[in-house]
Structures are given as structure tokens and as C-alpha cells.
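# Secondary and tertiary structure notes
The chain contents come next:
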Amino acid sequence: MTNNKRKIINDPIYGFVTLPNNLVYDLINHPYFQRLRRIKQLGLTNLVYPGALHTRFHHAIGAMHLMQEAVLTLKQKGIKITEEEEKAVLVAILLHDVGHGPFSHALEHSIVKGVNHETISSLIMQRLNKAFHGELNLALQIFNNQYKKQFLYQLVSSQLDMDRLDYLKRDSFFTGVSEGVVSSDRIIKMLNVVNNQLVIEHKAIYSIEKFLIARRLMYWQVYLHKTVLSAETMLVNILKRAKELSAQKVDLFATPTLSLFLKNDFTEKDFEKKPELLDYFAELDDTDIYTSIKVWAKHSDFVLSNLCSNILNRKLFKVELSSSKIKSTNYNTMLTRACKKYKITKKEAEYFVISNSVNNSTYNSNKFKINVLFNDGKLLDVAKASDHLNIQSLSNIVTKYYLCYPKDLI
């Protein structure tokens, strides 16, 4: 009797998603991938949009479904994609976020400094490749942009990839922010390949315009929403303080795995030298952080306990956004107020008064261009092909500066 591994998953966005082969089924059921169920896609965004409780697991399955649709479309247009390549590109997109740590991007460089989630994803894929006796060889080549058919890598990671198409649609659905809705079906149906590069047929140019504008709006309304910035800044400072206290040998509750990362500043080289570190990292999820925060809220250290109780009770810092750099006088004024009000040192006050900036670059034509294919075979960058005045401006990097501080300092 053979086991049926062609299971279906009921996805709230796309309906029934069919698992295409045994390898995908086995990878989804591996502990490394199951961990993604315990990592929220949008970090602390649910403190602004209460419905944003979906996970990296949801997103990975959705991105894989879109990849199935994209591969089918390209094959129907005569683009040669072998069965082995199809399986590999599905695995590459399925595992593209497997290296994310707790709360996704919010703690990207807090738990492990200088190591991004793409690097850890690649390391985990290498580990899985050994466990699956080399079945991920081609998937790794595609994921790391080392395969001859570059358009397969572009389907996984580019400015028009299945990752972006899924997260915009999914994040829009769960936050209720309708501006993020994109026509993924039409965009995928209009994909093509010219000179080994992914292109979009000109009939979809308005859908691409909508996709780029939707991405810009979602960044300012959701991903970089000022209250989200406040919550994530507080979370980063909680981990920073916990690390500082751990370095001072202060007794601090933490799960064994989290404790290891609080007491050490691991680098990419450490992951290469000590393979077991990857297993420890793969045990971390949102639960480790939130459990610790609940306990730390009653810690004797004022800075840690105050930040933690404020996060738990949604007493978030006020954020002042500006298109110009925050004046040092404004920052220092708030710093002085914090010192006096909380009777703390200037160094401790820096955990409560934060001056920083965020960038939003919707379309970077210096990287992978979104090229529009016309009937005569001509290719043109979407920024030049579009008659929408905003598309060219979307190539500009917009920087916003912010000052973040407790409301009771006003």
C-alpha cells in the first residue's frame, strides 16, 4: 500500500492548494518547516490591525501555489522547464523563508546580528539537502542564483516574484487594508521569458502599475505604519536590554534556546563552524520571546520590566514622523525628561527615547528590472513603458525619520 502524499490544503486566499509531490509533502512535515506555524508573518502588526495573525507557514504554502501557476503558464507558452526543474523551483519558494526568526523582520538582526534570514534559509536548506540525500541540490542552486536558467531564480526572488505576489495579497486580506489587493492571476498569466529573463507581456502593464502602487501603499500603511514602528522598536529594545543584562550575569528567565542567543553574539562564521547552532536557532519561535516578555514584565530591572509590561498591555510609544532628520535638541529634551521622570541614567533613558529612520524603495531598476514585452518583441523597463506618472517616482528611495518616546513624557 502506498501512502498518498498528494494532500490538499484549504487556503483562505486561493482555496484548495494541492501538494504537488512527495518531496514537498515531506518537507512541509519536517520540524524546520512546521516551526513556521509559530512565527507570525507580520511581527507585531496585529497591535494595529488585529487580524494580522497569519504565519510564515501560510505565506510559504501560498507562494508555492503561485509558483505552480507560474510554471504551468510558462510551460504552456513553450518555455522549457523540466520536471526536475519544476520540482526544484517549488522547493526553493517553499523554503525561501524557512530561516526567519521569531517575529519575522522585527527581530531580524536582534537575535543574530549581521546574519539575514536568507542566509539562514540557505543553511537550513543545505542541512535538509543532507537529510534528503541530495534531493535539494537543484533547489539550492536556484535559490542561490547559481543555476543557468536565471528566470527560475527570478520567480523566487526579484521585483516580480511569487513571494511578493503572495505576501501583498495575503497581508492585505488579513489586515483588511484593501489598497494591497493585487491581480496575481492576471500577472501570472502574462509572464513570459525572453533571453533567459522573466518578463511581463504588455497587456498586463496596468496590473503591474497597480502591483507597484499597492506595494508602496502597503509599506506606509502596514509594514512601516508608525504604530507598528513603535511596537517593533520597543521589542528590539527589550531584546537589546535582555542581552545587556545577560552579559552582566544578571539572573534572567528564558527558554534554554533563547538563553543561548541572549548570552552570545553569534555571527555567520559561528553558524559555519558550529553546525549545531542551526538546530538551536530552528527551535526559536514567537513563543520563546512572548513567554519571556511575560516573565520579564515583573523583573527587578526597571528598563526591562517597563518595556515588557508596556508591550503586553499595548501601551506603545508615541512616534513623531518627519521628512527631515530629527533635531538633536528635540531628542536630547526627551532624553532629559526620561531621566528625570523615571530616575534613570542617560544610557538607560536611550531605551525609551529613540531617533531612527526608515526607507521605502518600491521599485529599484538598478537590480532586476521589470521588463515589458511588446508585440514586436521590444522590451522596455516598466518605468519607461508606463504612462502612469507615479511609476517613475516609485524608483526613488523615500526616507522618513522618526522620534519615538513614551507618551507620559509629553
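Let me begin by describing the structure that accompanies this report. No experiment lies behind these values; they were computed from the predicted model shown.

## Some words on the packing of helix α15 (residues 286-296) against helix α16 (residues 302-312)
- Closest axis-to-axis distance for the α15/α16 pair is 8 Å, and the angle between their directions is 120°. The element α15 and its partner α16 pack so that their crossing is left-handed. Between α15 and α16, the residues in contact are Tyr290, Ile293, Lys294 and Trp296 and Leu304, Ser305, Cys308, Ile311 and Leu312, respectively.
- Across the contact of α15 with α16, the residue classes break down as 7 nonpolar, 1 polar and 1 charged.

## Focus on empty space enclosed by the protein
- Going through the model one piece at a time under the given rule, you end up with 1 cavity of 30 Å³ or more.
- Lining the largest cavity are 14 residues, and of these Gly99, Gly101, Leu107, Glu108 and Phe281 sit closest to its centre.
- Among the residues forming the lining of the largest cavity, the class breakdown is 7 nonpolar, 6 polar and 1 charged.

## Some remarks on the state of the cysteines
- For the structure on display, the rule yields 0 disulfides.
- Free cysteine: Cys308, not disulfide-bonded; nearest cysteine sulfur from Cys404 at 15 Å.
- The class of Cys404 is buried, set by a relative accessible area of 0%.

## Details of the sheet that holds strand β5 (residues 318-322)
- If you trace the 3 strands from one edge of the open sheet to the other, you get β5-β9-β6, paired in antiparallel fashion. Every other strand in the sheet has two partners, leaving β5 and β6 (354-360) as the edge strands with one partner each. Each adjacent strand pair in this sheet contributes to an overall mean axis angle of 30°, direction not counted.
- Where β6 meets strand β9 (residues 398-405), 7 bridges bridge the pair, whose relative direction is antiparallel. Residue pairing in the sheet places Val358 in a bridge with Lys400 of β9.
- Against the sheet, helix α17 (residues 328-342) engages β6 and β9, with an angle of about 25° to β9.

## Describing the pairing of strand β4 (residues 197-201)
- In terms of residue burial, β4 counts as a mostly covered element, since 4 of its 5 residues are buried.
- For strand β3 (residues 191-194) and β4, the ladder comprises 4 bridges, and the chain directions are antiparallel. Bridge pairing in β4 places Leu191 opposite Ile200.
- Following β3, the chain reverses through 2 residues before pairing antiparallel with β4; Asn195 in that reversal takes a positive phi of roughly 55°.
- In this structure, β4 lies alongside strand β7 (residues 371-373), joined through 3 bridges in parallel fashion. Bridged to Glu201 within β7 is Leu373.

Cut-offs applied
- Residues numbered from 1 in each chain as written.
- Predicted model: local features only at pLDDT ≥ 70, side-chain atom pairs only at ≥ 80, totals over all residues.
- Heavy atoms only, no water.
- Axes fitted to C-alpha atoms, helices over the stretch in contact; angles between N-to-C directions.
- Helix = DSSP H or I, 4+ residues; strand = E, 2+ residues; numbered from the N terminus.
- Left-handed = near helix turned anticlockwise from the far one by under 90°.
- Contact = heavy atoms within 4.5 Å.
- Nonpolar A, V, L, I, M, F, W, Y, C, P; charged D, E, K, R; others polar.
- 1 Å grid on protein atoms, 1.4 Å probe; cavity = no way out; pocket = protein on both sides within 12 Å on 5 of 7 lines; lining within 4 Å.
- Points joined across faces, edges and corners; volume = space filled by probe spheres on them.
- Disulfide = S-S within 2.5 Å.
- Buried < 20%, exposed > 50% of the residue type's maximum accessible area, 1.4 Å probe, protein only.
- Pairing = 2+ DSSP bridges.

Shape is all these values report; function is a separate question.
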